[in-house]
Amino acid sequence: MTEKIAVLHHGCAKNLVDTELMLGALKQKGYQITLDAEDDDVEFVIINTCSFIYDAEKESVSSIFDMIARGKKVIITGCLPQKHGKELKALIPEAIGFLGTSDIDKIVELIENNKKSKKETFFVSENPVCKYPENIDRVQITVGSSSYIKIAEGCNYACGYCVIPKLRGPYVSRPMDAIINEAKILADKGVSEIILIAQDTSSYGIDLYEKPMLSKLLEELNKIQNLSWIRVLYTYPTNFTDELMDAIQNLDKVVKYVDIPLQHSHKEILKAMKRPAIDLDTFIKKLRKKIKGVCLRTTLITGYPGETEEHFNHLYNFVKNSKFDRLGVFEFSKEKGTYAYSLKPQIPAKIKKARKNKILKLQKDISNNINKTLVGKEIPCIVEQIQDDGIVILRSYKDAPDVDGLVYAKTDKILVPGDIWNVKITNFSDYDLIGEI
């Protein structure tokens, strides 16, 4: 009988692709894959971890100890071993293997080492350089009409709060031909929407082609016939060029959705964050002028060290005036190895949370008012799921999977997940829409 190996996934979409690549390597070697880690036939469990902030680490560690308690042979991969190195190995000696972020292609070697010698294996590069293993075919563990494509890895920026450059190394773009080929394969499998991801998508190609090439990549992807939508996440303001704005506006398959985590609005805090202190008001106006009907999404951080009441009020008013379609807020998380870890003064947890909640309350009202204006209009939506009660769950072009809202519609038509339909909006809630087809 083919040996069965289980996987537990934690973290972001970028981490999800790593998980799927490891499973692809195992499948190529003849292993059977399952997501049921409690299966009695499973001996090895791979836990791909997240270590971006403390809460994510806690969730990953909980899974590790749960599987160890069940008597499984646990392999810890990804950001947690990359961040903590041999310290993690000493803390969790029960684990039989550790893989860093740039060592995921060694998953088969690790398992087979253990079968031969019963010893733990520690593959964690001290200075990671994450190059996409183009020789591995991903095994997708998410089922749906959309699929992520990682176009680059690592990051050349050094934002004060972020540990990613230490976990993922320098920026490394994938060759354009490899990305286009993967998109064609996914489209041939029935994927309707591809979602481009990286630590910073707007810098795509700068290392390979000596200039940002995301706009050119979008042009090439737009030519794939049986693809319906192309969505871009995690853009960075510095390399958000006029050419990129034009590509999003003019290419028919590229949804008019800009995800650009700005983190703050006040120039003093942006400088302390080691972020570009550009004129954000002018930048946002330009995006809205050049990309008709654009949906703007951002994320912000409250309670960064040194954030005064004046700084926060500036951020609050920025959100109030900008009226983002989608917005997420995080409290500053003090992470070892980052510039901000030792910055003073640190903001008390109570204040960080109160500031976050104040902006979320404001954004709730903004979202409600935006949704109200959509009643009576038709907007293109992608079919996600048809429920037993006949209600269809869709996402509009304004909504990325997992982080944004949904559209619930009634219809007497026969729909298939992945189809794009115009939905007439009849009602709304704070973050979701209700309509009919």
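Cut-off values and rules
- Residues numbered from 1 in each chain as written.
- Predicted model: local features only at pLDDT ≥ 70, side-chain atom pairs only at ≥ 80, totals over all residues.
- Heavy atoms only, no water.
- Phe/Tyr/Trp six-rings, centres within 6.5 Å; stacked < 30°, edge-to-face > 60°.
- Helix = DSSP H or I, 4+ residues; strand = E, 2+ residues; numbered from the N terminus.
- Buried < 20%, exposed > 50% of the residue type's maximum accessible area, 1.4 Å probe, protein only.
- Lys NZ or Arg CZ within 6 Å of the ring centre and 35° of its normal.
- 1 Å grid on protein atoms, 1.4 Å probe; cavity = no way out; pocket = protein on both sides within 12 Å on 5 of 7 lines; lining within 4 Å.
- Points joined across faces, edges and corners; volume = space filled by probe spheres on them.
- Nonpolar A, V, L, I, M, F, W, Y, C, P; charged D, E, K, R; others polar.
- Salt bridge = Lys/Arg side-chain N within 4 Å of Asp/Glu carboxyl O.
- Pairing = 2+ DSSP bridges.
- Axes fitted to C-alpha atoms, helices over the stretch in contact; angles between N-to-C directions.
- Contact = heavy atoms within 4.5 Å.
- Parallel < 35°, antiparallel > 145°, perpendicular 65-115°, else oblique.
- Left-handed = near helix turned anticlockwise from the far one by under 90°.

Visitor: Quick rundown of the packing of aromatic side chains? Include the residues and the values.
Guide: Under the counting rule described, the total for this entry stands at eight aromatic pairs. Taking 5.8 Å as the distance between ring centres and 55° as the angle between the ring planes, the aromatic pair formed by F98 and F122 counts as tilted. Of this pair, F98 sits in strand β5 (residues 97–99) while F122 sits in strand β6 (residues 121–123); the two residues are 24 residues apart in sequence, bridging distant segments of the chain. F122 gets classed as partly exposed once you look at its relative accessible area, which sits at 22%. Taking 6.4 Å as the distance between ring centres and 50° as the angle between the ring planes, the aromatic pair formed by F312 and Y316 counts as tilted. Of this pair, F312 and Y316 both sit in helix α13 (residues 309–322), four residues apart, which is roughly one turn of the helix. The class of F312 is buried, set by a relative accessible area of 1%. Pairwise contacts between aromatic rings join Y161, Y304 and F332 into one cluster. The aromatic ring of Y234 is capped on one face by K14, whose charged end is 3.6 Å from the ring centroid. For the cation-ring pair, R174 lies above Y132, with the distance from its terminal atom to the ring centre recorded as 3.6 Å.

Visitor: Could you give an account of the layout of surface pockets, naming the residues involved and the relevant values?
Guide: Taken as a whole, the second largest pocket holds about 260 Å³ of empty space. Taken together, the residues of the lining of the second largest pocket break down into five nonpolar, two polar and six charged.

Visitor: A description of the pattern of salt bridges should follow, citing residues and the corresponding values.
Guide: Counted under the stated rule, the structure contains 30 salt bridges. With a shortest N-O distance of 2.8 Å, K115 and E3 are connected by a salt bridge. With a gap of 112 residues between them, K115 in helix α5 (residues 107–117) and E3 in the segment before β1 (4–9) connect regions that are remote in the sequence. Residue classification places K115 among the partly exposed residues on the basis of a relative accessible area of 35%.

Visitor: Now, about the sheet that holds strand β13 (residues 295–302): what can you tell me, with residues and values included?
Guide: Taken in spatial order, the three strands line up as β12-β13-β14 in an open sheet, and their pairing is parallel. Two strands lie at the open edges of the sheet, namely β12 (257–259) and β14 (326–331), each paired on one side alone. Adjacent strand axes in the sheet meet at a mean angle of 15° when their direction is disregarded. Contacts from α13 reach β13 and β14 within the one sheet, and its direction differs from that of β13 by about 165°.

Visitor: How would you summarise the packing of α13 against helix α14 (residues 349–373) if you had to cite specific residues and measurements?
Guide: α14 packs onto α13 with a crossing angle of 15° between their chain directions and a minimal axis gap of 10 Å. With respect to their mutual orientation, α13 and α14 come out roughly parallel. Considering how the two elements wind past one another, α13 and α14 form a crossing that is right-handed. Residues E309, F312, L315, Y316, V319 and K320 of α13 touch α14, and the partners they reach there are R355, K358, I359, L362, Q363 and I366. Here the residues of the contact of α13 with α14 are counted per class, giving seven nonpolar, one polar and four charged.

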